[in-house]
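Summary of the model geometry
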Amino acid sequence: MKYTQLGRTGLKVSRLVLGTMNFGPQTDEAGSHAIMDAALDAGINFFDTANVYGWGENKGRTESIIGSWFAKGGDRRDKVVLATKVYGNMGADGEAWPNHDKLSAVNIRRAVDASLKRLGTDHIDVYQFHHVDRNTPFEEIWQAIDVLVQQGKVLYAGSSNFPGYKIAQANEIAARRGGTIGLVSEQCLYNLAERRAEMEVIPAAQEYGLGVIPWSPLHGGLLGGVIKKEVQGGRRASGRAADTLADPSSRAQIQAYEDLLDKHGVEPGEAALAWLLTRPGVTGPIVGPRTAEQLGSALRAVELELSQELLTSLDEIFPGPGPSPEAFAW
């Protein structure tokens, strides 16, 4: 496994991030434990989750599964850089009691204590804001985080799904307060097929020293050889991938992508991950395996070297927006 610093911090993390969103809804506890063991054995030390994972009436289930894995001992907790998130409504019925969601100081305090209990640990390494809260000023958010840092419950703070201007605003206010390190990471939607983050989010993250953690690196399976799997009678596309393939021009684009990688003898999913690892500012993509076999495929991507010829061809199939602001200005 290869490692890098998380943004401007001294924290060393693996170039792949283990996403746990499938733990509970799609992978049972025993299977989830097996995947985490395999990830740790392979050198993955950065695990990502969220308080709402488990979904519906099972919100919090994913954190509990991770907590039961930590409880097995073997220095599991000490070896893991643990990231979780706050923002979502934790009510099973979808109705939030006032102050039981988003980023008020009241909810942050409540949510972190609940996450710590489910995770069976005394601290969270990277506590991430799952979404922008337009109603809570960053002065309040940072005050709450400062208290948690002083208490030893949180070490670093990160963002998720933030636009570039909010990254700037959050860190400028942190700097004015003094003594607050501010955001150290941004978790955003970013992959070959969805490159809008290159316009503002990634430049802002680089300017302020945030590590970029792409989620959905295969774009809902679209970049994982979905057409080839259909032809071979495998798992059919669903969700975002199915919607995209319904459009003839988009399907032709994905077909060109798969044909290119077949020509180079590279697996599509591994190429999509390896491409992200070449992108400026990227710490490591989040991989969310449902099985140990899927984890093995992701691990091969870390060692995969993409030729300049292949990188150029990928840019031709999936052109990015170009540098900002030139992409939208003179």
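Numbering of residues starts from 1 in every chain and runs along the sequence as written. In keeping with the model being predicted, local features are shown solely for residues with a pLDDT of at least 70 and side-chain atom pairs are shown and tallied solely at 80 or more, while totals for entire chains, interfaces and linings include all residues. Only hydrogens and water are set aside when side-chain values are computed; all heavy atoms of the structure are taken into account.

**Describing the pattern of salt bridges**
One speaks of a salt bridge when a side-chain nitrogen belonging to Lys or Arg is within 4 Å of a carboxyl oxygen belonging to Asp or Glu. Within this structure, the stated rule accounts for 14 salt bridges. Note that K153 and D113 form a salt bridge whose closest N and O atoms lie 2.8 Å from each other. You can see K153 sitting in the loop between α5 (138-151) and β7 (154-160) and its partner D113 sitting in helix α4 (residues 105-119), a full 40 residues away along the chain. Judged by relative accessible area, D113 falls into the partly exposed class, the value being 34%. In this structure, R251 and E230 form a salt bridge, with 3.3 Å as the shortest nitrogen-oxygen distance. A residue pair is termed long-range when its members are at least 10 positions apart, and R251 in helix α10 (residues 248-264) and E230 in helix α8 (residues 226-231) qualify at 21 residues. A cluster of three or more residues bridged by salt bridges with shared partners is formed by R195, E198, R279 and D315. Each helix corresponds to a stretch of at least 4 residues labelled H or I by DSSP, and each strand to a stretch of at least 2 residues labelled E; elements are numbered beginning at the N terminus. Three labels apply to residues, based on accessible area from a 1.4 Å probe with only protein chains included: buried if under 20% of the type maximum, exposed if over 50%, partly exposed otherwise in between.

**Quick word on the packing of aromatic side chains**
Ring pairs are drawn from Phe, Tyr and Trp, using the six-membered ring of Trp, whenever the two centres fall within 6.5 Å, and their geometry is named by plane angle: stacked under 30 degrees, edge-to-face over 60, tilted for the rest. For the structure shown, the criterion picks out seven aromatic pairs. A ring pair is formed by W69 and F70, whose centres lie 5.6 Å apart and whose planes are at 45°; its orientation type is tilted. On the basis of relative accessible area, W69 is assigned to the buried category, the value being 0%. Ring pairing ties together the aromatic residues F47, W69 and F70, which thus form one cluster.

**Notes on the pairing of strand β6 (residues 124-129)**
Most of β6 is tucked away: six of the six residues are buried. Inspection of the sheet shows strand β5 (residues 81-86) paired to β6 by four bridges, in the parallel sense. Counterpart to K85 in the pairing with β6 is Q128. In this structure, β6 lies alongside β7, joined through five bridges in parallel fashion. Paired with V126 across the two strands is Y156, which belongs to β7. Two strands pair if DSSP finds at least two bridges between them.

From the geometry alone we can't say anything about function, so treat these as descriptive.
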